[in-house]
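Each chain is listed here by its residues.
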Amino acid sequence: MSSMTLSSQASQNLHFSVMLNEVLSSLHLHKDGIYVDGTFGVGGYSRAILQQASCTVLGIDRDPQAVKLGHVLEQENSHFKMIYGRFSQMKELLESQGIKVVDGIALDLGVSSPQLDQKERGFSFRFEGPLDMRMGQEGMTAAEVVNYYSEVQLSDIIFNYGEERYARRIARAIIKARAEEVINTTLQLANIVRSVVPKSRDGIDPATRTFQGLRIYINRELEELSEGLKAAEALLAPGGRLVVVCFHSLEDRIVKDFFRKKSQAPKHASRHLPMLPTLSNPTLKILTAKPLQATPEEISVNPRSRSAKLRVAEKLENASQEQGKLPI
Ligand SMILES: C[S@@+](CC[C@H](N)C(=O)[O-])C[C@H]1O[C@@H](n2cnc3c(N)ncnc32)[C@H](O)[C@@H]1O
């Protein structure tokens, strides 16, 4: 399989799709296969998959702007289909296209470069923009959460999803600041956080973790991931691969635990009790005992890839499509 070099990504003016070569080889692409790119973004994975194999690709994204880009690719390549929606719903979304099983699924979690770089999306503390942070168009904005949630709720969100040890201090500062004026913009929030969180030696902006926490909460990213993994497992054909690229420990833990749970043989609780094989038969085989990480070469051209962790699991040949059903 020919690999796509970083310089060829750059020369084709592609957005830097994180760990692209590793994703392509992990998917184990084959002719006439059906693959799902569950986080289409700007389509870096989808385009590369279509270049490497004569197969069908279905792109999914919850962001209407990404879906527009997907429609452009549909015009260019009849083996591609773009679907608007969340990957937690991929089973229903694919069924609506008449597809019940697929040969591989890739999930590249988090936000895309255009989402981060467009100040009006409100994801970045680097530019002034409305405090929005929604990947799709539904649900609460970050401004609504920041201005209406209680101190305890804000502290919990920032602590649990941002893994920020100064969460209480930040929540208190938000409550104080919003009593003076409504917090409507990214820089207003970033400056409130910066005023109470000490600068770290590694140069990471003190607002980073607060923004991460709010974004994960607003977009229900961890719930999406848990549901998405279940849907992916159900959709994969025997031998099909699930490839997930994570960017922080909260996501990676969910993937690791799911893979481990689904790859373990059932525990025999008691020798006096019969086994219930249909309840917990393993359905996946883990192909990455340790997660793969980006090469130093990739990190040097795309620093965002530094925190990426890629895990792969394969659907077992004998996994029952009826897993989880109690024997009657
Ligand atoms: C990191 S980018 C993917 C970049 C992509 N691999 C590429 O090469 O262009 C993540 C994308 O996933 C989308 N996304 C995140 N969570 C999603 C979800 N639960 N369902 C569908 N799309 C989601 C975001 O809107 C964003 O466009």
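The preceding data block contains the structure.
Remember, predicted model here, so these are calculated numbers, not experimental data.

### Describing the side chain of Glu298
Here Glu298 shows up in helix H15 (residues 296-301). Of the side chains with opposite charge, Arg304 lies nearest to the buried Glu298, which makes no salt bridge, at 8.5 Å.

### Quick word on the site of the ligand
Around the ligand, a shell composed of 25 residues is seen, among which Ser17, Asp61, Asp108, Gln115 and Glu224 lie nearest. Side-chain polar atom of Asp61 to an oxygen atom of the ligand: 2.7 Å apart, as the coordinates give it. Contact with the protein chains removes 98% of the 600 Å² of surface that the ligand exposes when unbound. Given that more than half its atoms are within 2 Å of the pocket grid, the ligand belongs to the second largest pocket. Residues belonging to the shell around the ligand are distributed by class as follows: seven nonpolar, 11 polar and seven charged.

### Brief notes about the packing of helix H9 (residues 167-180) against helix H10 (residues 186-196)
Axis separation between H9 and H10 bottoms out at 9 Å; the angle between their running directions is 130°. Viewed along their axes, H9 and H10 adopt a mutual orientation that is oblique. Like other packed secondary-structure pairs, H9 and H10 cross with a definite hand, here right-handed. Two secondary-structure elements touch here, H9 through Arg169, Ile170, Ala173, Ile174 and Ala177 and H10 through Leu189, Ile192, Val193 and Val196.

### Considering helix H13 (residues 249-263)
With 15 residues, H13 should cover 21 Å at 1.5 Å per step; its first-to-last C-alpha distance of 21 Å lies within 8% of that length. Turning to H13, its buried residues number three or more, namely Leu250, Glu251, Asp252, Val255, Phe258 and Phe259. Elements in contact with the buried residues of H13: helix H8 (151-162), helix H11 (208-218), helix H12 (221-235), strand E5 (236-246), strand E6 (284-286) and strand E7 (309-315).

### Details of the nonpolar core
Counting residues in hydrophobic clusters, the biggest one holds 30 residues, and the most contacted among them are Leu131, Met133, Ile174 and Leu189. Elements represented by at least two residues in this core include exactly helix H7 (142-148), H8, H9, H10 and H11. It is H9 that provides the largest number of residues to this core, a total of five residues. What Met133 contacts, discounting residues up to four positions off in sequence, is Arg121, Gly122, Phe123, Ala142, Phe211, Leu214, Arg215, Ile218 and Asn219. Membership of the second largest hydrophobic core comes to 28 residues, among which are Leu20, Leu27, Leu73 and Ala106.

### As for H10
Within H10, burial applies to Thr186, Leu189, Ala190, Ile192 and Val193. Along the axis of H10, the buried residues cluster in a sector spanning 160°; they form a single face. The inward-facing, buried residues of H10 abut H7, H9 and H11.

The rules behind these values
- Residues numbered from 1 in each chain as written.
- Predicted model: local features only at pLDDT ≥ 70, side-chain atom pairs only at ≥ 80, totals over all residues.
- Heavy atoms only, no water.
- Helix = DSSP H or I, 4+ residues; strand = E, 2+ residues; numbered from the N terminus.
- Buried < 20%, exposed > 50% of the residue type's maximum accessible area, 1.4 Å probe, protein only.
- Lys, Arg positive; Asp, Glu negative; His and termini not counted.
- Salt bridge = Lys/Arg side-chain N within 4 Å of Asp/Glu carboxyl O.
- Near = heavy atom within 4 Å.
- Polar contact = N/O pair within 3.5 Å; in protein donor to acceptor, adjacent residues only side chain to side chain.
- Areas by Shrake-Rupley, 256 points an atom, 1.4 Å probe, with all protein chains shown as cover.
- 1 Å grid on protein atoms, 1.4 Å probe; cavity = no way out; pocket = protein on both sides within 12 Å on 5 of 7 lines; lining within 4 Å.
- Sits in = over half its atoms within 2 Å of the grid points.
- Nonpolar A, V, L, I, M, F, W, Y, C, P; charged D, E, K, R; others polar.
- Axes fitted to C-alpha atoms, helices over the stretch in contact; angles between N-to-C directions.
- Parallel < 35°, antiparallel > 145°, perpendicular 65-115°, else oblique.
- Left-handed = near helix turned anticlockwise from the far one by under 90°.
- Contact = heavy atoms within 4.5 Å.
- Expected span 1.5 Å × (residues − 1).
- Core = buried A, V, L, I, M, F, W, Y, C linked by side-chain atoms within 4.5 Å.
- Arc of directions from axis to C-beta.

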